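Topology and contacts: notes
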Amino acid sequence: MNTNKLIIAGIFSLITISTMNAQKKPHLDKKKPIEERIDLLMKQMTLEEKVGQMNQYNGFWEVTGPVPKEGNAELKYKHLRDGWVGSMLSVRGVKEVKAVQKIAVEETRLGIPLIIGFDVIHGYKTLSPIPLAEAASWDMEAIKKSAQVAADEASAVGINWTFGPNVDVSHDARWGRVMEGAGEDAYLGSKVAIARVTGFQGDTRADLAKINTIAACAKHFAAYGFAEAGRDYNTVDISNSRLYNEVLPPFHAAAEAGVRTFMNSFNILNGIPATGNSFLQRDILKGKWNFDGFVVSDWASVREMIAHGFAKDGAEATQKAVIAGSDMDMESYLYVVELANLVKSGKVKEALVDDAVRRILRVKFELGLFDDPYKNCDEKREKATIGSKANNAGVLDMAKKSIVLLKNAPSPLGRAGEGILPLQKSGQKIALIGALANDKNSPLGSWRIASDDNTAVSVLEGMQQYKGNQLTFEKGADLTVGKTAFVDELVFNTTDKSGFDAAKKVAASADVVVMVLGEHGFQSGEGRSRTNLDLPGVQQELLEEIYKVNSNIVLVLNNGRPLALPWAATHIPAIVEAWHLGTQTGNAVAQVLYGDYNPSGKLPISFPRNVGQCPIYYNNYSTGRPTNGEGNVFWSHYTDVEKTPQFPFGFGLSYTTFDYKNLKINKTAFAKGESVVVSVDVTNSGNYDGKEVVQLYIHDDAASLARPVKELKGFELINLKKGETKTVTLTLTDKELGFYDNDGNYLVEPGTFKIMVGGSSDKGLESGFELK
Ligand code: BGC
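Here goes a summary of the coordinates provided. (Residues numbered from 1 in each chain as written. Predicted model: local features only at pLDDT ≥ 70, side-chain atom pairs only at ≥ 80, totals over all residues. Heavy atoms only, no water.)

Details of the pattern of salt bridges
Under the counting rule described, the total for this entry stands at 51 salt bridges. A salt bridge links Glu526 to Arg177; the nearest nitrogen and oxygen atoms lie 3.5 Å apart. Placement of the pair is Glu526 in the loop between strand E16 (512-518) and helix H19 (539-549) and Arg177 in the loop between strand E4 (161-162) and helix H8 (186-201), with a sequence separation of 349 residues. The exposure class of Glu526 is buried, given its relative accessible area of 14%. For Arg177, a relative accessible area of 2% corresponds to the buried category. Here Glu545 makes a salt bridge to Lys504, at a shortest N to O gap of 2.7 Å. Separated by 41 residues along the polypeptide, Glu545 in helix H19 and Lys504 in helix H18 (residues 500-508) bring together distant segments of the chain. Taking the relative accessible area as the measure of exposure, Lys504 reaches 21% and is therefore partly exposed. By sharing partners, the salt bridges in this structure join Glu35, Asp39, Arg358 and Arg362 into a single network. (Salt bridge = Lys/Arg side-chain N within 4 Å of Asp/Glu carboxyl O. Helix = DSSP H or I, 4+ residues; strand = E, 2+ residues; numbered from the N terminus. Buried < 20%, exposed > 50% of the residue type's maximum accessible area, 1.4 Å probe, protein only.)

This is how it looks when you write it as structure tokens:
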């Protein structure tokens, strides 16, 4: 046979096989609507097979939580073959995914494909900045693109589903997981949630079937970011007002953007663990919001209801979780053991199991897994995609956009009236100090399960690209002193100062000292809460020692959370917030330091003056005694430090300056339902082209519930050439002007509103209007 005939014969036999398949397994008929295909499949399923779909096992490699001793690898394989596993997580690479998928599809009775989940939190192997840093870009297009890069790589290694985005609003820098979210604000957080969901999944549900999209997961539902005292997994006790107005909106936005899955959370809410919480999962998510995807538990959170004291044993935990709407059990090893019996004994209605299974199958059908279970298992594509040039360019772009310039005080080293930054490109002696400057691992940040160690471009490497200056590196002091036996956890906080002298020597003879200090990438993230927000180890001492010999310091911060650095904020002339920026860290930092990229980031979370101010956030409520009008002590304040943050939400400088003028509102009084159109002229009044995030805040003067002193309700990122002026128009509608009452009803109340427009939450031009 010639090649053409071979191809034609091949196509015919494929068609014949798929027709035969469709006859034998009618749910494989692509032409039928998904709901009908689900009906056809579910009719054939035994109770045990249905429960199997609700069971998720960790792969045999990565562990992101305590492992139940009952479920060993051998048993997991057996369950896989029995068709008792619907999903696996943290299986990585085409070869490994193919191996487990093959068992599910080819060795089980019904051949239902697995859905493979993974924590693709800020990229798979080519890493973007940590999510908190990305949020600092306020650039929704860039954030969406970054999620697309992550989906591209993840889908190329067999992954169908990411456990992200994390949309937890948090007010507490002590909580290690602030690095995973979009910061402290529900409005910004909602926009970021939409960008990430559509970046992972595509813009429509049909896009899920594409080769380079993956299902997203809004987590952790709900209120996990309000763990008391910032201690991970701790008790949450919040008001309804906070729940409805601050916690739920980003989840709601994700649901409206079509997110296909939710993950519940480890915490209790009103005494009920989220995993066993019908109010959250059934009444709000699946009821009010009409969510038709599925809910996965967090790691072992079904079993943890026993430790919470909410279930007496595994059977009761299972019963409560399923009744409350937790559709899939991640690694508790409970549904698979208990659920069929609970149904048989009448303690759980089979209809609830059917509903959960239908939701899970729906997402599998939408992903196209029944049509081609190996759609993400192409080794050639895997090779071509991972670490591609385009993906590296994508994460570099995101990294530059995530950097926030916190301080750049006028300095004799800068141009007239300007700060040290941007650095001059030639003729300078630069001392680069700090172990983190020469670290290729830490910049990858937390949640980087699949990336290889030491694959980030270090700041040293980035700065070495600029050859016009004389660059000398000295670490000064280490940050890490070794590893523990358990999962290679790093041990931090060396006390060794033996490198100080060498560092002081190079600093003393330099024109400019660049110091890279802060937290290691693994000092934030899950389980990594802190009670101090200082520079860990001897870094603060190092900073002060260097300052004594040369005060021309540019401090480049690496951190996964806000740090409280009052001494640095006062003494150090230039401070750059560089978070953990991922694979391209060094290139991004160097391009910003040298002015090839003018920083434009704005903080998505407040930086306190000291840890005692936590929780601190811009959209707080007024007390009855907000100011010291009478000059006495009886007003809401601290006696030892100002109550304002060191660096507020929305704050971030540029190498240029922006002037705001002509704030206008189209009318002074509005009827409900009318749009309030706000405009302002913004001029680039400095010496560089630049970008500015124009922010609109409102305050509802008097309402049936006290409203925050300020609330972000609009923003726009604009490009302005040096000397250019643009008029920016932002619109407020009922969607922005109302709020939720304590029963979750949305109210738009008449009254007067103040507005403020500017480049930060702490100051701007002010005006007001009335809603009749
Ligand atoms: C985390 C989740 C994560 C899961 C799977 C849990 O410990 O809370 O955010 O998706 O592990 O790794």
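Now that the structure has been shown, the text picks up again.
Describing the layout of surface pockets
By volume, the second largest pocket amounts to about 900 Å³. Along the walls of the second largest pocket sit 29 residues, with Tyr617, Asn620, Lys643, Thr644 and Val709 positioned nearest its centre. Tallied by class, residues from the lining of the second largest pocket come to 12 nonpolar, 13 polar and 4 charged. (1 Å grid on protein atoms, 1.4 Å probe; cavity = no way out; pocket = protein on both sides within 12 Å on 5 of 7 lines; lining within 4 Å. Points joined across faces, edges and corners; volume = space filled by probe spheres on them. Nonpolar A, V, L, I, M, F, W, Y, C, P; charged D, E, K, R; others polar.)

Some details on the packing of aromatic side chains
Under the counting rule described, the total for this entry stands at 28 aromatic pairs. Taken together, the aromatic side chains of Trp138, Tyr187, Tyr618, Phe649, Tyr697 and Phe715 make up a single cluster linked through ring pairs. Geometry around Trp447 places Lys219 over its ring, the cationic atom sitting 5.5 Å from the centre. Over the ring of Phe310 we find Lys320, and its NZ or CZ is 4.0 Å from the ring centre. (Phe/Tyr/Trp six-rings, centres within 6.5 Å; stacked < 30°, edge-to-face > 60°. Lys NZ or Arg CZ within 6 Å of the ring centre and 35° of its normal.)

Notes on the environment of Tyr224
Assignment of secondary structure puts Tyr224 in the loop between strand E5 (217-221) and helix H9 (240-256). Counting along the chain gives 318 residues from Tyr224 to Leu542, while the straight-line C-alpha distance between them is 36 Å. Setting aside residues up to four positions removed in sequence, Tyr224 forms contacts with Asp168, Trp175, Arg177, Asp232, Tyr233, Ser265, Phe266 and Asn267. Looking at Tyr224, its side chain comes within polar contact range of the side chain of Arg177, at 2.9 Å. Side-chain polar atoms of Tyr224 contact the side chain of Asp232, separated by 2.7 Å. (Contact = heavy atoms within 4.5 Å. Polar contact = N/O pair within 3.5 Å; in protein donor to acceptor, adjacent residues only side chain to side chain.)

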